[in-house]
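Next come the chains, spelled out residue by residue.
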There are 2 protein chains.
Amino acid sequence: MSAKLDCALLHHPVRDRAGAVVTTSVTNLDIHDIARSARTYGLGRYYVVTPIEAQHALVRRITEHWTEGAGRRRMPERHEALELAWPVVSLEQAVADAEQRHGRKPKLIATAARSEGPSRITFESGRALLAADGDVYLILFGTGHGLADSLLETVDYVLEPIPGRAGYNHLSVRAAAAIIFDRLLGER
Amino acid sequence: MSAKLDCALLHHPVRDRAGAVVTTSVTNLDIHDIARSARTYGLGRYYVVTPIEAQHALVRRITEHWTEGAGRRRMPERHEALELAWPVVSLEQAVADAEQRHGRKPKLIATAARSEGPSRITFESGRALLAADGDVYLILFGTGHGLADSLLETVDYVLEPIPGRAGYNHLSVRAAAAIIFDRLLGER
């Protein structure tokens, strides 16, 4: 059932430390780690969203090394993960691609480290959405200091923050994505 | 209650692709990501275990940048995570340090991506151990292709693998540590 879930890592529009909307750079390890987590939890595609088209070539060079080149021979399981990674220029392009693949438009589930704001749902609710028949979903992660508020206002759902302990809530996006996939899709 | 849990990332003794026991290199992002996850879930200390003493200087340079230097001024929450990272030469040294801090010797919980082997416990059992009064615990993660078999045979417990979907089980150690902390300690 989880093949009806895709994910997207947004490098724009995201917040910087002061809350301004910026564009961040693609990093090698975000591609690897989130692709491996997405593959482990059975997601269909992992959109790497950046308006900087020169960085699409970087994404392709990394994925092709592991899906076609010497990396595939040395470490064949890595290509199964990295073939999920898919550069696109915008969230709209990711949505259009997902719609074409699934035959229906995906509902958008954003993630945020802050709990205030509209459309918040619990992890249990998110798990129930994915377990139900019908809709397909695209879950959105933000680099930098998180997805821009203007974006959070346009999505269908925003997942509650991961509840840490002792009031500290500064997970890497790589760690947050792994925990969120496990909470939404992991066997119990 | 979670302050009675520490973690250790072992760079030796770990397996390479072919199963041979090797020593891996310390990487910057393992230090950052696992420190942030450990801090989020309230762990007490994060031992970075490597017999290569020259790499201890690397660990200290990274942590001091964020706990004392320019990084602390620019990103103060990062020092709260990185002050947990603690280089040691061996698992024995980590155990001795934990024993001194807690006043009792920690029980060892190893992690593995393979389910066969002695002393396996479920995540539910691990969660119950940590919730009970009394013992303190040190959870062990392996770099490379996982902790050496010789080490797995000497620990008190080995956690069951993270159950993925569709038979793929190649999470990064950063993602695996995050999911395991959440399964053992996360609020539900």
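Our structure is the block above this text.
### With respect to the overall build of chain A
When its secondary structure is counted, chain A shows 8 helices and 9 strands. Oriented by its inertia axes, the alpha-carbon framework of chain A measures out at about 45 × 40 × 35 Å. Classification of the 188 residues of chain A by burial places 57% in the buried group. The contacts in chain A between residues at least 6 apart in sequence include a share of 79% that link residues at least 24 apart. In chain A, which carries 23 positive and 23 negative side-chain charges, the distance between the mean positions of the two groups comes to 4 Å.

### Let's talk about the sheet that holds strand E9 (residues 157–159) of chain B
Strands in a sheet are paired, the pairing made by backbone hydrogen bonds, and the direction either parallel or antiparallel. Residue and element names in this part refer to chain B. Here 7 strands make up an open sheet; going across it, the order is E5-E4-E1-E8-E6-E9-E7 and the pairing parallel. Edge positions in the sheet fall to strand E5 (85–88) and strand E7 (120–121), since each of these pairs with one other strand and no more. One ladder, built from 4 bridges, connects strand E6 (residues 107–110) with strand E8 (residues 137–142); its direction is parallel. In the sheet register, Lys-107 faces E8, and the bridge partner there is Tyr-137. Its contacts with the sheet place helix H8 (residues 173–185) against strand E1 (5–10), E8 and E9, and it is angled at close to 155° to E8.

### Here we look at the interface of chain A and chain B
Each partner contributes to the interface: chain A provides 38 residues, whereas chain B provides 37 residues. Interface of chain A and chain B: buried area, both sides summed, is about 3500 Å²; carbon and sulfur atoms make up 48% of it. Contact with chain B buries area across many residues of chain A, yet Thr40(A), Arg165(A) and Tyr168(A) alone supply 23% of it, more than any other trio. Where chain A touches chain B, the interface holds 6 salt bridges. For Asp33(B), the salt bridge identified is with Arg174(A), shortest N-O distance 2.7 Å. Only helix H1 (28–40), helix H4 (76–82) and helix H8 (173–185) of chain A provide two or more residues apiece to the side of chain A that touches chain B. With 7 residues, H8(A) is the largest single contributor of residues to the side of chain A that touches chain B. Across the side of chain A that touches chain B, the residue classes break down as 15 nonpolar, 10 polar and 13 charged.

### Considerations on the relation of the copies chain A and chain B
Turning chain A through 180° and shifting it by 0.0 Å along the axis lays it on chain B, with an RMSD of 0.0 Å. The operation mapping one copy onto its partner corresponds to a two-fold rotation axis. A share of 97% of the interface residues of chain A reappears at the interface of chain B, consistent with the copies meeting face to face through the same patch.

### Quick look at the pairing of strand E4 (residues 46–49) of chain A
Residue and element names in this part refer to chain A. The alternating pattern of E4 places Tyr-46 and Val-48 on one face and Tyr-47 and Val-49 on the opposite face, and all of these are buried. In this structure, strand E1 (residues 5–10) lies alongside E4, joined through 4 bridges in parallel fashion. Residue pairing in the sheet places Cys-7 in a bridge with Tyr-46 of E4.

### Some points on unusual backbone geometry
All names here are of chain A. For the bond running from His-12 to Pro-13, omega is -5°, close enough to zero to count as cis. Following the sequence through the fold, Pro-13 ends up in the loop between E1 and strand E2 (14–15). Even without being a glycine, Ser-119 presents a positive backbone phi close to 65°. Note on placement: Ser-119 falls in the loop between strand E6 (107–110) and strand E7 (120–121).

Rules behind the numbers
- Residues numbered from 1 in each chain as written.
- Chains lettered and ligands numbered in written order.
- Predicted model: local features only at pLDDT ≥ 70, side-chain atom pairs only at ≥ 80, totals over all residues.
- Heavy atoms only, no water.
- Helix = DSSP H or I, 4+ residues; strand = E, 2+ residues; numbered from the N terminus.
- Buried < 20%, exposed > 50% of the residue type's maximum accessible area, 1.4 Å probe, protein only.
- Contact = heavy atoms within 4.5 Å.
- Lys, Arg positive; Asp, Glu negative; His and termini not counted.
- Charge placed at Lys NZ, Arg CZ, Asp CG, Glu CD.
- Pairing = 2+ DSSP bridges.
- Axes fitted to C-alpha atoms, helices over the stretch in contact; angles between N-to-C directions.
- Buried area = accessible area lost by both parts, 1.4 Å probe.
- Salt bridge = Lys/Arg side-chain N within 4 Å of Asp/Glu carboxyl O.
- Nonpolar A, V, L, I, M, F, W, Y, C, P; charged D, E, K, R; others polar.
- Least-squares fit on C-alpha atoms with pLDDT ≥ 70 in both.

These results come straight from atomic positions and should not be treated as a statement about function.
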